[in-house]
Every structure is written in C-alpha cells, then in structure tokens.
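# Structural characterization, general
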Amino acid sequence: ARVRSARIARADMYASRTTRAVSGASLGSGARPLRRRARALVNGSHPTKKVPSTVVRCASKVARQGAYRVTDLPEDESDLLARIHTSIQAALSDGKVLLDVEVPVQYFDGVVGVGGQDSIAISEFNACMSVLRKIVRLFEWLGQAESVRVFFPDAAECSIALKGAGLNPVSGQWEQSATFHDWPGAVDYLLRDDFVSQTSRKAYGYADLPDFLAGKRDVEQTAEVADRLYVVGYPYDNTGEMEQVMRLWEEHARPILVFNGNLDGIRTSFAPFGKAKKLKHEFVPEFTTAFYVHKFAAGAAPGLLYRQYPQPWRVYRAAKGGGMECVAEYDERPELRDVAMQFFSGGLTTTEVAVSTSPPVELTDDNTRYYEALGVDAGCSDRKALAAAYRDKARELHPDAPNGDAMAFYELSKAYAVLRDDEKRAKYDEFGERWVLETSK
C-alpha cells in the first residue's frame, strides 16, 4: 500500500501546480510513464503559455471528495493537459466506460481563427484536431496507443488528420499540418463515405484516404478485436455523428472517450422520437464527465462551470480585485440554465446595459412585478399564456426592433425565465424578488 501510494503521489506531481492530497485512489498502471512526463515538464520540453481568464483563486473552503483535494484552476496549457490526463486515467481506473471531455479550444496554444473575428466552423475543427492530438498523447506515454482507435466525424476530417490540408480561401480552410500521421494506433471516422462525401473531398483538394478506409459504409466496419478504447473527436456538428457513436457502442461495447461532443446540446434538444430520443434519454445519460469547462461570458460577472473527475462540479465567478472565486459546488451535474440564472444573470452585453452606472436595485418582497412585465394576471401558471405574452412583448422590446429597449427586454426575459419554471415561480410567489437569495440558502 505504501509503494502504491508513493507511485500515485509521483504520478500526480505533474497534474497540478497546487496543493493536492492523493491517497487510496489508483490511477491505473501508468505511474512510470507519467513520472517521465513530470520530468519532461520540469526540463521545459513542453511549451507553456498562460491561459487568459483561467488564472483563478478559490476563495471558498476547499472541497474534498474521494482522495483528491483541488484548490484552484489550471494555470497554463501544460497544467490543463495534465489535469485532463489525470481525470481520464482516474475515470477509466474506476471502471467508467463512457467518458466525455468538454473544454474550449481557445485555452490551448497554437489555436488559429477561433475566439477572435474568425470563428468559422473549419477553424474550430482544426483547433479541436490539434488539441485532441495533445490529449491522446497520454496513451502513447502509457504504451497503449496501438489499441486505441481514434474516430473523426467524417472522412474529410480523417484525411486532414492523416495528411493535412492546404490553404483554401473558398472554403475558409486554414493551412493544416497532419497531426495524426504518426499516431501508432488506428485512425477512423464516423459518417458514411458515400459518393457525395468523396466528391466533396476532391473539390476541396483533400488527400485520398487509404484504400481500406475509403468508401466505408458502416461505422463499425473497420473496428478490430484488438481495439481496447475508442476516442471520438468533436462529434458536435449534428446529432447524426453522436448517433454513430451510440451505434459503435451497441455493436462493440468498447470504452469510449468523447472529446468536445457538445453533449449539453443533446441534453437540451427536442427529441420526441427515433434515434434522437434514444440518444438523449438512454445513451448520453450514461456518460461520466471526466473534465469539463463551460464559460459564462455574457453576464455582468463572467465565470465558469468546472468539473475535474472525481471532484464535484464547481461554479467560479469573477471576484473583486481580479481572479475568480468558487461560489457553489454540486455533487451532480447542474443544469446550465439554472447556474446561469442564479450566478450569471446580472446583465447583457448590449451597450446600454454595459455602460449603465445606475446603482443596483434592492431585492424586495414584491411578487407582482414579473407578472406586470409580461402583462398577465398575478399568479398565472398557464405556460402557453406566458409564452404568448413573452413573444408579443419581445417583438416590441427587442434591441433590434425599431423602438426596442435593451433594458426593458432584459427585464422581460428575466421575468419570463422565472415564471415559466414551476419551482422558480413558486419561490417568486412566496418570497418576491428575493427568491434568488432564498434559493441560494
């Protein structure tokens, strides 16, 4: 037990620049390669760069769960990657077979065209591909890469990963070097490579795929018995890509790690029937989040929803004097809209709101103003009536309307967000505008 604890402690050294206590939790058989990685970081062989907006401090009491203790957020790319790697290893060692990692690609070095004026999808795909390559290096260090099959969304992305792509002003494609040409394991793709797909690749000047990959019809067609893990890169462009991941799981039942699959979008989507319904209600709920960062940037106090397995979910909000502070923790995944309403609904990004210097309005016991804003009777609980009233008012008050009013539209949206939710409306009817404070308690 002492030897194992010592190995775990050494393996965890590189995973955090902060104080962390580790005991009694196995990180699997990768202690020795991880120690080599720690020496590489110390020797400066890995590029490091400060990550803006994530240099933070946690002002609340440090939370403990299992054998880990975390006191702040990642400081730079190397620290961020180390935490992602450690979280993946910990989850796999705990027997989790469906994992997802969700993190904005802007936090990594070498990202071009994302987060600035150019935010087209192709640039984001390129960035996701580069980041994915950094993440899967974990399996090379562990000596497991040959049994890890990496899936890309379609044949075009697979071609770029293997052979790169040149600058294409017509499609908006940045010049992209091959990133997975030296991957020891297999490289694959999800969607069918039909005539349309092949014609599109040629039109964009992408290189041909190897014969054994070209023209694949079924996602499981090229899978092999030797595969021990499927890593799926950014299948978020449409639900059909995640449906292929679900089929892959049903056919082969191998552990799956999904990177930037936008599972939040599936959780909140409208899926009344068919594969989409099964994906939302049966498959996606089975995933364990290994690492997660979601930015809330539109409110007056920007912040993050953060999770690092096996830690609880934490909400970080901008603190006075710079940095961020931890303001809430959840054992289970919280709804993004609930977190946004409770902690980040202080304002809009419109000029009228952003430059306002008015003092904050004191919260009162008044429980009628929200109803008056929508123009409905106090105590109205008819969702259709509330939605109709909101639509009518929104057409008049939206900032893009001829006589729009940004502040009035903000108040209208805030009122509707509360009244359409039965639980929040009950709190508002009981406590008035102080319902937010009572909910926090």
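The structure this text deals with has already been given above.
This report concerns the structure included in the present document.

Quick notes on the rules
- Residues numbered from 1 in each chain as written.
- Predicted model: local features only at pLDDT ≥ 70, side-chain atom pairs only at ≥ 80, totals over all residues.
- Heavy atoms only, no water.
- Helix = DSSP H or I, 4+ residues; strand = E, 2+ residues; numbered from the N terminus.
- Pairing = 2+ DSSP bridges.
- Axes fitted to C-alpha atoms, helices over the stretch in contact; angles between N-to-C directions.
- Buried < 20%, exposed > 50% of the residue type's maximum accessible area, 1.4 Å probe, protein only.
- Contact = heavy atoms within 4.5 Å.
- Salt bridge = Lys/Arg side-chain N within 4 Å of Asp/Glu carboxyl O.
- Parallel < 35°, antiparallel > 145°, perpendicular 65-115°, else oblique.
- Nonpolar A, V, L, I, M, F, W, Y, C, P; charged D, E, K, R; others polar.

What follows is about unusual backbone geometry. Omega for the peptide link from Tyr 309 to Pro 310 comes to 5°, which places this bond in the cis form. Along the chain, the position of Pro 310 falls in the loop between strand 9 (303–308) and strand 10 (313–318). At Asn 260, a residue that is not glycine, the phi angle is positive and equals roughly 50°. In this structure, Asn 262 is a non-glycine residue whose phi angle is positive, near 50°. Note on placement: Asn 262 falls in the loop between strand 7 (256–259) and helix 8 (263–267).

Judged by pairing direction, the sheet is mixed, and its nine strands sit side by side in the order 5-4-6-7-3-8-9-10-11 without closing on themselves. The sheet is open, and its two edges are formed by strand 5 (187–189) and strand 11 (324–330), each paired on a single side. On average, each strand axis in the sheet is tilted by 20° relative to the strand beside it, whichever way the strands run. Two elements, strand 3 (residues 98–102) and strand 8 (residues 288–296), share four bridges in a ladder whose sense is parallel.

Moving on, we come to the side chain of Asp 193. Mapped onto the elements, Asp 193 comes out in the loop between strand 5 and helix 6 (195–204). We classify Asp 193 as buried; its relative accessible area is 3%. Residues in contact with Asp 193, not counting those within four places in the same chain, are Ala 155, Gln 198, Arg 201, Leu 209, Ala 214, Gly 215 and Lys 216.

Let us look at the pairing of strand 9. Counting buried positions over the six residues of strand 9 gives six, a clear majority of the element. Residues Gly 303, Leu 305 and Arg 307 point to one face of strand 9 and Leu 304, Tyr 306 and Gln 308 to the other, with burial holding for every one of them. Sheet analysis places strand 9 next to strand 10, joined by four bridges and oriented antiparallel. Pairing of Leu 305 across the sheet is with Val 315, part of strand 10.

Going through the model one piece at a time under the given rule, you end up with 20 salt bridges. Note that Glu 329 and Arg 314 form a salt bridge whose closest N and O atoms lie 3.0 Å from each other. In this pair, Glu 329 sits in strand 11 while Arg 314 sits in strand 10, placing the two residues 15 residues apart along the sequence. A relative accessible area of 34% places Glu 329 in the partly exposed class. The exposure class assigned to Arg 314 is buried, which follows from its relative accessible area of 1%. The salt bridge partner of Arg 383 is Asp 422, with a shortest N-O separation of 3.2 Å. In this pair, Arg 383 is assigned in helix 13 (residues 383–397) and Asp 422 in helix 15 (residues 422–431), connecting sequence segments 39 residues apart. Linked through salt bridges whose partners overlap, the residues forming this network are Arg 149, Asp 188, Lys 216, Glu 224 and Asp 227.

Direction vectors running N to C along helix 14 (residues 406–419) and helix 15 enclose 105°, while the axes themselves pass 6 Å from each other. The orientation of helix 14 with respect to helix 15, classified from their angle, is roughly perpendicular. Residues Ala 417, Val 418 and Leu 419 of helix 14 lie in contact with helix 15, whose contacting residues are Lys 424, Arg 425 and Tyr 428. Split into classes, the residues belonging to the contact of helix 14 with helix 15 amount to four nonpolar, no polar and two charged.

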